Every structure is written in structure tokens, then in C-alpha cells.
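Take a look at the letters that make up each chain.
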Amino acid sequence: SNYQFKNEQSLSYGITVKSVHLEFFDYQGNASSFDDDNIDGEDFRNSKNFATADIGVIWSLDSEDRWRIGGTVKNIVGEEISSNPIGLVEGQQVLTYKVEPQVRVGASYNSGWFRIAADLDVTETKGPVFADGTEFFKGTQFANLGVVLNAWDFLELRAGYRQNLVGSDVETKSEKSDSVVTLGAGMYLGPVQFDIGLQASPELDDVGGGIQAMVTW
């Protein structure tokens, strides 16, 4: 829905109700005890269904819709799911994963040939947690900044930076870089589109990329 103010500002908002199916698979083993017949075993699987909703709002601050601020709340109603205890042996801990509300706020500016946007996760998103409180992997709470340059409406250059604000002192079973730098370019030649994207951690221990071509008609 959209609401127009007398000062030419506008407010857009929406809500999405959704049904979620969770499946949690927890197989804990080592190289000597691994059995590939267990990969599909129901004793290591747990599932749950629940209903929740997402809401979002965007406030356009001028008549040309150049300045925007907004926010979203995902998973207003949360849920949790744990390991199937049947599949655990002595000494193995139950893992629990919680689906919790996620809040994000952001702002953007669009001049036509130049766009910049920033957003911030207000809440932390956590992964599965062992019974002793140890996180299977470190949670995420991202701060993002992105810039897009539009060159003559057929070439776009993109750059971005993402920082995980969750402290590195959290005890986890795995480690991952807290920062990611992204670069990209898109070319639009009528119905033919090309896109290339690159991303890497500042330490260059996590590097990836992709190339996409598409024809529309």
C-alpha cells in the first residue's frame, strides 16, 4: 500500500504472510564411524511447520523519489527446532536452531546516474547452538554499503562492502571472514545482457565470482 503526504513525501508499506517448513538434519560422526547409509536416515532428521509474516516500510523523502529510508522485520513469529535425539549417541550434544525476528534498516540516494545505499541489521542472526552454548558457526549482523554508477544506460559499475558486526570472541565450531568486498559490472545491449560479479575477503582467503549472460524477448 502507498500513502501520499501533502509535502510530496510518500510512505509505502506491506506485509507478507508465509508458511514455513523447517527440516533439521544433524549427523555427527568422524571419518572412522561415517556411514553414507545414514545420510537419508530419518533418525537424524527433524521437521516442523509454522506460520509467520514479514513486514516492510519505505519512506520517500522527496517528490522525485531520490532519498529513501526504510526498514523490514522478517519472521515476526519465531520458532525453534532441535536435533532428533534418536540419532545421537553418548557424548553428542543436541543442536538447536531458532528462527527469530530479524530487523533491518536502510537508506538510499538515487541521482539517476549514481546510486548509493546502506543498510544495517539491528538484530543478530544466529546459527545452530549446542546444548553447552557453543555456536556451530558464528552469527551474522551485517552492515552493508553499495554504490552503482550508470554509464549511458547500457553499462553499470557496482562496488560494495559488507562487515559482520558480531564479535570475534564468540566460541564457534567454524570460522569465516568478517568482511567481504564486492565488485561487479553489467552491460545491457538491447535484449542481450551480460553481468560479471566478484567478491573476496580482505585477506583473500575467500574469493568467488560469476558470469551471467541473458537474452530477453
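None of these values were measured; they are calculated from a predicted model.

**Some words on the nonpolar core**
Part 1: Core analysis: the biggest nonpolar cluster contains seven residues, these being Leu22, Phe24, Phe50, Ile81, Leu95, Val99 and Phe130.
Part 2: Elements with a minimum of two residues in this core: β2 (10-25) and β6 (95-99).
Part 3: In this structure, Phe24 is in contact with Phe44, Arg45, Asn46, Ile81, Ser82, Ser83, Leu95, Tyr97 and Pro128, ignoring residues within four places of it in sequence.

**With respect to the sheet that holds strand β9 (residues 129-130)**
Adjacent strands of a sheet pair through backbone hydrogen bonds, lying either parallel or antiparallel.
Part 1: With antiparallel pairing, three strands are arranged side by side in an open sheet as β5-β6-β9. At either end of the open sheet lies a strand with only one pairing partner, and these are β5 (79-82) and β9.
Part 2: Of the strand pairs in this sheet, β6 and β9 are connected by two bridges, and their pairing is antiparallel. In the strand pairing of β9, Leu95 is matched with Phe130.

**Let's talk about empty space enclosed by the protein**
Part 1: Counted by the stated rule, this structure contains one cavity of 30 Å³ or more.
Part 2: The computed volume of the largest cavity comes to approximately 50 Å³.
Part 3: Surrounding the largest cavity, Tyr97, Lys98, Val99, Glu100, Pro101, Gln102, Glu124, Thr125 and Lys126 form its lining.
Part 4: Broken down by element, the residue count for the lining of the largest cavity peaks at three residues, all from β6.
Part 5: Split by residue class, the lining of the largest cavity holds three nonpolar, two polar and four charged.

Definitions and cut-offs
Residues numbered from 1 in each chain as written. Predicted model: local features only at pLDDT ≥ 70, side-chain atom pairs only at ≥ 80, totals over all residues. Heavy atoms only, no water. Core = buried A, V, L, I, M, F, W, Y, C linked by side-chain atoms within 4.5 Å. Buried < 20%, exposed > 50% of the residue type's maximum accessible area, 1.4 Å probe, protein only. Helix = DSSP H or I, 4+ residues; strand = E, 2+ residues; numbered from the N terminus. Contact = heavy atoms within 4.5 Å. Pairing = 2+ DSSP bridges. 1 Å grid on protein atoms, 1.4 Å probe; cavity = no way out; pocket = protein on both sides within 12 Å on 5 of 7 lines; lining within 4 Å. Points joined across faces, edges and corners; volume = space filled by probe spheres on them. Nonpolar A, V, L, I, M, F, W, Y, C, P; charged D, E, K, R; others polar.

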